[in-house]
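Descriptive structure summary
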Amino acid sequence: AGMEGSGDASRAVADWRLAVWTLCSVLLPVLITAWCSFQRSRRQLLIRDIFRKSKHDWHYTDLFGQPSYCCVCAQHILRGAFCGCCGLRVSERCLKKADQRFLCKEIMMRGTAGAPSSMPHHWIRGNVPLCSCCMVCKQQCGTQPKLCDYRCVWCQYTVHDECMVDCLRTEDCTFGEFKDLIIPPYYLSTINQMRKEKRTSYEKVVPYCRKHWMPVMVLANTRSGNNMGETLLGEFKMLLNPVQVFDLSKIAPAKALQLCTWLPCKAVRVLVCGGDGTVGWVLDAIDEMKIKGQERYIPQVAILPLGTGNDLSNTLGWGAGYAGEVPVEQILRNVMEADGIKLDRWKVQVTNKGYYNLRKPKVFTMNNYFSIGPDALMALNFHAHREKTPSLFSSRIINKAVYFFYGTKDCLVQECKDLNKKVELELDGERIELPNLEGIIVLNIGYWGGGCRLWEGMGDEPYPLARHDDGLLEVVGVHGSFHCAQIQVKLANPVRLGQAHTVRLILKSSKMPMQVDGEPWAQGPCTVTITHKTHALMLYHSGEQTDDDDASSLSE
């Protein structure tokens, strides 16, 4: 009996040990995972707190795009934080030290007496751009696998460790290749002081008095088309003064453009990074400046096309779409070399039938085109689909594929047939007899539908020249979605209805899809009147050709 008792006790002890070990084997990984998760969350909170309080424009990355070294401990790092303005790169554990030790780009000089007209270089050590050359010995920099060599965050010049001498540390910065585009910090501090003293004679302030100074402002819509806006913001902040670069998802164009009042009259250039809708938004804000009496500060506008259609950008020579193939430096060179031109802007007034005294007419501003018919129906279906599932529409290719789907569907259904029986068209007060049509398009610019020269068609028959600054609109008709597709591949001509200074369209019955510059809606019986509103000052880049027939660009 004693032996049986001891055997039961030993089995109980063994079972207890097994239970303990089993519990430990289950709980230990859970506890370790929970502890790591807690530490990661705590670390992320600390990092976010540093980011929030810092004067640097810190961003976190899980993998640097090129070999990188921590600016504090000089160790090789795969992930960590980088500053979008000055280019500092730092490991996670050294982030706090780097934030305290290194200054970022100053947008405005502080604590300076008098009116300074220069500033020294701002050198950052290590992680210099690939293929950069030393300003002293002209040999390649950044070739050694360690933290080495220096770069000035303003002029972008690089210098070897061994070539860096004391005189370079105190030498005045020239601001490099883009000195005519950069707003120097000392200029802003001087103008700020003069404004406090209510002085407005800026003519003697450097570089205001410099003949070729044409400061540029970058207005980027990070939500446009292919979502490249965020990357471009950082690249432009590296090359320019960060105060010149604006994220339109955080600040309205009207507020951003007030910086123009600090700068020389008729010298500022604005680069809009976004689609045609973003460009229209900025041009509306510029029109508000005219109303405020700030007409002498109005800038000229260049475009970096990030949207889906980009027809206005194509017309002005900036291309049909940007996907990162051109370096940011080259974009700034193109802005410097671009020529100023005018763009007609039009007022589109839609008055509902039977509500003349009860309801205000809808008023739009048109830069590109107005249409009624199949292309407006495609835009309406596309927008309805995008509002339901916006996450699907982050690629220009997907957007065009959806347009193609709805265009094919309309070829089969023909929802807009017999349009000529539902509308009346007047050009400069003269009634136009309409053939059998499904759509009418009123054009201000040369391109339509994502790169098609609609007014030109196949180019095999004579037609009046069309320009975007002549105060005339081109009016065409289409027989349906299939006809539109044929025109886009140069297999058919549009039905040219004429040119006019004023267009009046009366929708007599039923509801039809309409659009102005890609913004669609369903419209009941109404009268649409299109009249000239104003001119916009744009920049034309002559180096970009997007059509087979180069000579056709002369017709714009």
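Looking at an unreviewed UniProt entry, the chain carries the name Diacylglycerol kinase, with the source organism given as Tichodroma muraria. Under the Sequence similarities (unreviewed entry) heading, UniProt states for the chain: "Belongs to the eukaryotic diacylglycerol kinase family."

Further remarks concern the overall build of the chain. When helices and strands are counted, the chain shows 12 helices and 24 strands. Counting the 556 residues in the chain, one finds 49% classified as buried. If you take every contact in the chain between residues at least 6 apart in sequence, the share linking residues at least 24 apart comes to 69%. Entry remark: accessible area of the chain is about 27,900 Å², with carbon and sulfur atoms responsible for 55%.

Our next topic: the confidence of the model for the chain. For the chain, per-residue confidence averages 85 on the pLDDT scale, and residues scoring 70 or more make up 88% of the total. For residues 544–556, every residue scores under 50 in pLDDT, and the model assigns this stretch 29 contacts once sequence neighbours within four places are set aside.

The next thing to look at is the environment of Val-206. Mapped onto the secondary structure, Val-206 falls in the loop between helix 4 (185–196) and strand 9 (216–220). When its relative accessible area of 29% is taken as the criterion, Val-206 is described as partly exposed. Note: C-alpha distance between Val-206 and Thr-190 (16 residues apart in sequence) is 9.2 Å. What Val-206 contacts, discounting residues up to four positions off in sequence, is Ser-117, Tyr-186 and Tyr-187.

What follows deals with the sheet that holds strand 20 (residues 495–500). The six strands lie next to each other as 20-19-18-15-22-23, forming an open sheet whose pairing is antiparallel. Whereas interior strands pair on both sides, the edge strands pair on one side only; in this sheet they are strand 20 and strand 23 (519–523). For this sheet, the mean angle separating the axes of adjacent strands, direction not counted, is 15°. When strand 18 (residues 439–443) meets strand 19 (residues 473–478), the two strands line up antiparallel, connected through five bridges. Within strand 19, the position partnered with Ile-440 by the bridge is Gly-477.

Moving on, we come to the sheet that holds strand 8 (residues 158–159). Within the open sheet, the three strands sit side by side as 6-7-8. Their pairing is antiparallel. Because the sheet does not close on itself, it has two edges, and the strands there are strand 6 (123–125) and strand 8. Summarising the sheet, strand 6 and strand 7 (residues 150–152) pair through three bridges and their orientation is antiparallel. Paired with Trp-123 across the two strands is Cys-152, which belongs to strand 7.

It is worth spelling out the pattern of salt bridges at this point. Across all of its chains, the model carries 15 salt bridges by this definition. Salt-bridge contacts for Asp-57 lead to Lys-237; the nearest nitrogen and oxygen are separated by 3.6 Å. Of this pair, Asp-57 sits in the loop between helix 1 (2–53) and strand 1 (58–61) while Lys-237 sits in helix 5 (residues 229–239), placing them 180 residues apart in sequence. Notably, a salt bridge pairs Arg-125 with Asp-161, separated by 3.0 Å at the nearest N-O pair.

A separate point is the state of the cysteines. Applying the stated criterion to the full structure yields zero disulfides. Here Cys-104 is not cross-linked by a disulfide; its sulfur's nearest cysteine counterpart is in Cys-83, at 3.6 Å. We classify Cys-104 as buried; its relative accessible area is 9%.

Across the six residues of strand 12 (residues 300–305), five count as buried, placing the element largely inside the fold. Relative to strand 12, strand 11 (residues 269–274) runs parallel, the two sharing six bridges. Note on strand 12: the bridge partner recorded for Val-270 is Val-301. Each parallel crossover has a hand, and the one from strand 11 via helix 7 (residues 276–291) to strand 12 is right-handed.

Before going further, it helps to spend a moment on the packing of aromatic side chains. Following the criterion strictly, the structure yields four aromatic pairs and no others. Judged by centre distance (5.0 Å) and plane angle (70°), the rings of Tyr-187 and Trp-213 are edge-to-face. In this pair, Tyr-187 sits in helix 4 while Trp-213 sits in the loop between helix 4 and strand 9, placing the two residues 26 residues apart along the sequence. A single burial state applies to Tyr-187 and to Trp-213, both of which are buried. Taken together, the ring pairs in this structure connect Trp-154, Phe-175 and Tyr-186 into an aromatic cluster. When the ring centre of Tyr-447 is taken as reference, the NZ or CZ atom of Arg-453 above it lies at 4.8 Å.

The subject of this paragraph is the side chain of His-541. With respect to the secondary-structure elements, His-541 resides in the segment after strand 24 (526–540). Residue classification places His-541 among the buried positions, given a relative accessible area of 12%. Every residue in contact with His-541, bar those within four places of it in the chain, is listed here: Leu-316, Gly-317, Trp-318 and Asn-334.

For helix 12 (residues 481–488), the complete set of buried residues consists of Ser-481, His-483, Cys-484 and Ile-487. Looking down the long axis of helix 12, one finds its buried residues gathered within 160° of arc, a one-sided arrangement. One or two positions beyond helix 12, positive phi appears at Lys-490, with a value near 60°.

With respect to the secondary-structure elements, Cys-173 resides in the loop between helix 3 (166–170) and helix 4. Through-space distance from the C-alpha of Cys-173 to that of Pro-120 is 5.1 Å; in sequence the pair is 53 residues apart. In this view, Cys-173 contacts Met-119, Pro-120, His-121, Cys-152, Trp-154 and Cys-155; residues no more than four positions away in its chain are not counted.

Looking at where Gln-515 falls in the secondary structure, it is placed in strand 22 (residues 512–516). Given a relative accessible area of 5%, Gln-515 falls into the buried group. Among the polar contacts listed, one links the side chain of Gln-515 to the backbone nitrogen of Gly-518, at a separation of 3.1 Å. Look past the residues within four positions of Gln-515 in its chain and what remains in contact with it is Tyr-369, Phe-370, Ser-371, Asp-375, Ala-376, Ala-379, Pro-520 and Trp-521.

For any two helices packed against each other, the geometry is given by the interaxial angle and the distance between the axes. Running from N to C, helix 5 and helix 9 (residues 328–337) point in directions that differ by 70°, and their axes come no closer than 10 Å. Overall, the two elements helix 5 and helix 9 adopt an arrangement that is roughly perpendicular. For helix 5 against helix 9, the interelement crossing comes out right-handed. Of helix 9, the residues touching helix 5 (which contributes Leu-232, Glu-235, Phe-236 and Leu-239) are Val-328, Glu-329, Ile-331 and Leu-332. Within the contact of helix 5 with helix 9, the residues separate by chemical class into six nonpolar, no polar and two charged.

Criteria and cut-off values
Residues numbered from 1 in each chain as written. Predicted model: local features only at pLDDT ≥ 70, side-chain atom pairs only at ≥ 80, totals over all residues. Heavy atoms only, no water. UniProt positions renumbered as here; feature names shortened; annotations may be inferred. Helix = DSSP H or I, 4+ residues; strand = E, 2+ residues; numbered from the N terminus. Buried < 20%, exposed > 50% of the residue type's maximum accessible area, 1.4 Å probe, protein only. Contact = heavy atoms within 4.5 Å. Areas by Shrake-Rupley, 256 points an atom, 1.4 Å probe, with all protein chains shown as cover. pLDDT = per-residue confidence, 0-100. Pairing = 2+ DSSP bridges. Axes fitted to C-alpha atoms, helices over the stretch in contact; angles between N-to-C directions. Salt bridge = Lys/Arg side-chain N within 4 Å of Asp/Glu carboxyl O. Disulfide = S-S within 2.5 Å. Right-handed = clockwise from strand over helix to strand, strands pointing away. Phe/Tyr/Trp six-rings, centres within 6.5 Å; stacked < 30°, edge-to-face > 60°. Lys NZ or Arg CZ within 6 Å of the ring centre and 35° of its normal. Arc of directions from axis to C-beta. Polar contact = N/O pair within 3.5 Å; in protein donor to acceptor, adjacent residues only side chain to side chain. Parallel < 35°, antiparallel > 145°, perpendicular 65-115°, else oblique. Left-handed = near helix turned anticlockwise from the far one by under 90°. Nonpolar A, V, L, I, M, F, W, Y, C, P; charged D, E, K, R; others polar.

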